[in-house]
Amino acid sequence: MFQGNRIGVVVPAYNEDLLIAPTVRSIPPYVDRIYVVNDGSRDRTCDIVSEICRQDERLVLINHETNKGVGAAIATGYRRCLQDDLDIAVVMAGDNQMDPIELPNLLATVASGDAGYSKGNRMSSLKHMNGMPPWRRLGNWLLKWLTRVSSGNYKITDPQNGYSAASIEALKRIDLESLYPDYGYCNHLLAKFSVAGVKVVEVSMPARYQGEKSKIRYSRYIPKVSWLLISTFSWRMKAKLASFAAPSATSSALERRGFPVKKAPAS
C-alpha cells in the first residue's frame, strides 16, 4: 500500500527475456500486485516470469497468445486492476527503462486526489534529456504539438513517456476496449482523459537508458501516430458536441462509445 491506496503495476512485455527479471525484481515492496502481460513473446519471457512467480506472490502472469501491441497489453492490465478492485494502476515497461525511485512522485499526486493521471516528463530540462538521441528528441517535439492539438491539453510536454499512474476512478471513465493497441496508446489515452474530464499532471524525471534497443521505428511510427492524432481530434470534437447536445435517451449509448455525457443534478 501507498498512503492507504492499493497499488497495481502493469508490466507489458514483448520479447524481454534479458530485462524482465530486473524490471520485476526492482518494483518496490509497497506495490500490492504486479501484472506482467506477456504479449505473445517468442523468447523466454514467459518462462522467466513464471519462475519469478514462485518467489513473489504479488506477481501475476497474463499471457496473450499472439502479439497484440503494447497498448492492448496495457489495456489488459488495466482491466485486471479494475477487476481486482485496486486503487491506483501504474505502468512500468518490461525493458527496465522506468526507474522505481521515481514511482512515489508519480503516486503522490494521484493518491492525494489532486489528479486522476500522472505521467513522467523527461523533457523538462536538458539535463533530464541526457542520453536521449537527437532524432528521438525531434520526434518527441513533433508529437508533443500534435498531441496537444489532438487532446486539447496544451500543458503536455512529454506525451511519449508511458511511465504513469492512474486512479481506478479515472480508468472507469474511459473506454479501454477502444484504446489504440500499439505504441500510440499513450497519445490516445491523453485524449480520452481530456474528453472524460480527468486531470492530468506531469512529473519531472530523467530519461533512463540501460543499453536496451528500442522497438519503435520512428520512420513508420510518427506517420501512423500522426494519423491517429488527427482522427482523435475529430473524435474529441464530436464528443464535445455530444456531451452538451445528447438527449437522455441516447446517453447510455454515447457513454459506451467513450463519450462523456453531462447529466442533470439530482433534485
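So, how was this worked out
- Residues numbered from 1 in each chain as written.
- Predicted model: local features only at pLDDT ≥ 70, side-chain atom pairs only at ≥ 80, totals over all residues.
- Heavy atoms only, no water.
- Helix = DSSP H or I, 4+ residues; strand = E, 2+ residues; numbered from the N terminus.
- Buried < 20%, exposed > 50% of the residue type's maximum accessible area, 1.4 Å probe, protein only.
- Contact = heavy atoms within 4.5 Å.
- Pairing = 2+ DSSP bridges.
- Axes fitted to C-alpha atoms, helices over the stretch in contact; angles between N-to-C directions.
- pLDDT = per-residue confidence, 0-100.
- Core = buried A, V, L, I, M, F, W, Y, C linked by side-chain atoms within 4.5 Å.
- Patch = residues over 30% accessible without salt bridge, like charges linked within 9 Å, V, L, I, M, F, W, Y side chains within 5 Å.
- Areas by Shrake-Rupley, 256 points an atom, 1.4 Å probe, with all protein chains shown as cover.
- Salt bridge = Lys/Arg side-chain N within 4 Å of Asp/Glu carboxyl O.
- Phe/Tyr/Trp six-rings, centres within 6.5 Å; stacked < 30°, edge-to-face > 60°.
- Lys NZ or Arg CZ within 6 Å of the ring centre and 35° of its normal.

### Looking at the overall build of the protein chain
Looking only at helices and strands, the protein chain has 9 helices and 7 strands in total. For the protein chain, the proportion of its 267 residues judged to be buried stands at 54%. Summarising the internal contacts of the protein chain: among those between residues at least 6 apart in sequence, 77% fall at separations of at least 24.

### Observations regarding the sheet that holds strand E6 (residues 164-167)
Reading across from one edge, E3-E2-E1-E4-E6-E5-E7 is the order of the 7 strands in this open sheet, with mixed pairing throughout. In this open sheet, the two strands that pair with only one neighbour each are strand E3 (59-64) and strand E7 (200-204). Strand-to-strand, the axes of this sheet are offset by a mean angle of 20°, without reference to chain direction. Note that strand E5 (residues 117-121) and E6 share 3 bridges and pair antiparallel. Among the inter-strand pairings, Tyr117 is bridged to a residue of E6, identified as Ala166. Lying over the sheet, helix H2 (residues 45-53) contacts strand E1 (7-13), strand E2 (33-39) and E3, oriented at roughly 155° with respect to E3. On top of the sheet, helix H4 (residues 103-111) reaches E1, strand E4 (88-91), E5, E6 and E7; it is set at about 20° to E6, its chief contact.

### With respect to the confidence of the model for the protein chain
Per-residue confidence for the protein chain gives a mean pLDDT of 85, with 80% of residues at or over 70. Low pLDDT, under 50, characterises residues 248-267; the predicted model gives this stretch 22 contacts beyond four residues in sequence or across chains.

### Some words on the nonpolar core
Counting residues in each nonpolar core, the largest one holds 31 residues, and the members touching the most others are Tyr78, Tyr117, Leu171 and Phe193. Only E2, E3, helix H3 (70-83), E4, helix H6 (168-172) and helix H7 (185-196) provide two or more residues apiece to this core. The contact partners of Tyr78, leaving out residues within four places of it in the chain, are Val10, Ala89, Val91, Tyr117, Ser164, Leu171, Leu176 and Leu189. With 30 residues, the next largest nonpolar core counts Ala21, Ile52, Ile88 and Val110 among its residues.

### Topic: a nonpolar patch on the surface
A surface patch of nonpolar side chains, amounting to about 590 Å² of accessible area, comprises Trp141, Leu142, Trp145, Val149, Tyr154 and Phe233. It is helix H5 (residues 134-151) that provides the largest number of residues to the nonpolar patch, a total of 4 residues. Considering the arrangement of structural elements, one finds Trp141 in helix H5.

### Comments concerning the pattern of salt bridges
All told, the structure shown has 6 salt bridges when counted by the stated rule. In this structure, the salt-bridge partner of Arg54 is Glu51, at a minimum N-O distance of 2.5 Å. By relative accessible area, Arg54 is classed as exposed at 64%. Glu177 serves as the salt-bridge partner of Arg79, at 3.3 Å between the closest nitrogen and oxygen. Of this pair, Arg79 sits in helix H3 while Glu177 sits in the loop between H6 and H7; the two residues are 98 residues apart in sequence, bridging distant segments of the chain.

### What about unusual backbone geometry?
Positive phi, normally seen in glycine, also occurs at Asn15, with a value near 50°. Owing to a relative accessible area of 24%, Asn15 belongs among the partly exposed residues under this scheme. Positive phi, normally seen in glycine, also occurs at Asp85, with a value near 60°. Within the element layout of this structure, Asp85 appears in the loop between H3 and E4.

### Comments concerning the pairing of E6
Because side chains alternate across E6, one face comprises the buried residues Ser164 and Ala166, and the other comprises Ala165 and Ser167, equally buried. Pairing geometry for E4 and E6, over 4 bridges, is antiparallel. Bridging across to E6, Ala89 finds its partner in Ala166.

### Focus on the packing of aromatic side chains
Considering all chains together, one arrives at 2 aromatic pairs under this definition. Over the ring of Trp145 we find Arg148; its NZ or CZ atom is 4.6 Å from the centre of that ring.

### Looking at the pairing of E5
Counted residue by residue, E5 has 5 buried out of 5 residues, so it is predominantly covered. Here E5 pairs with E7 via 5 bridges, running parallel. Counted as the bridge partner of Asn121 is Ser204 from E7.

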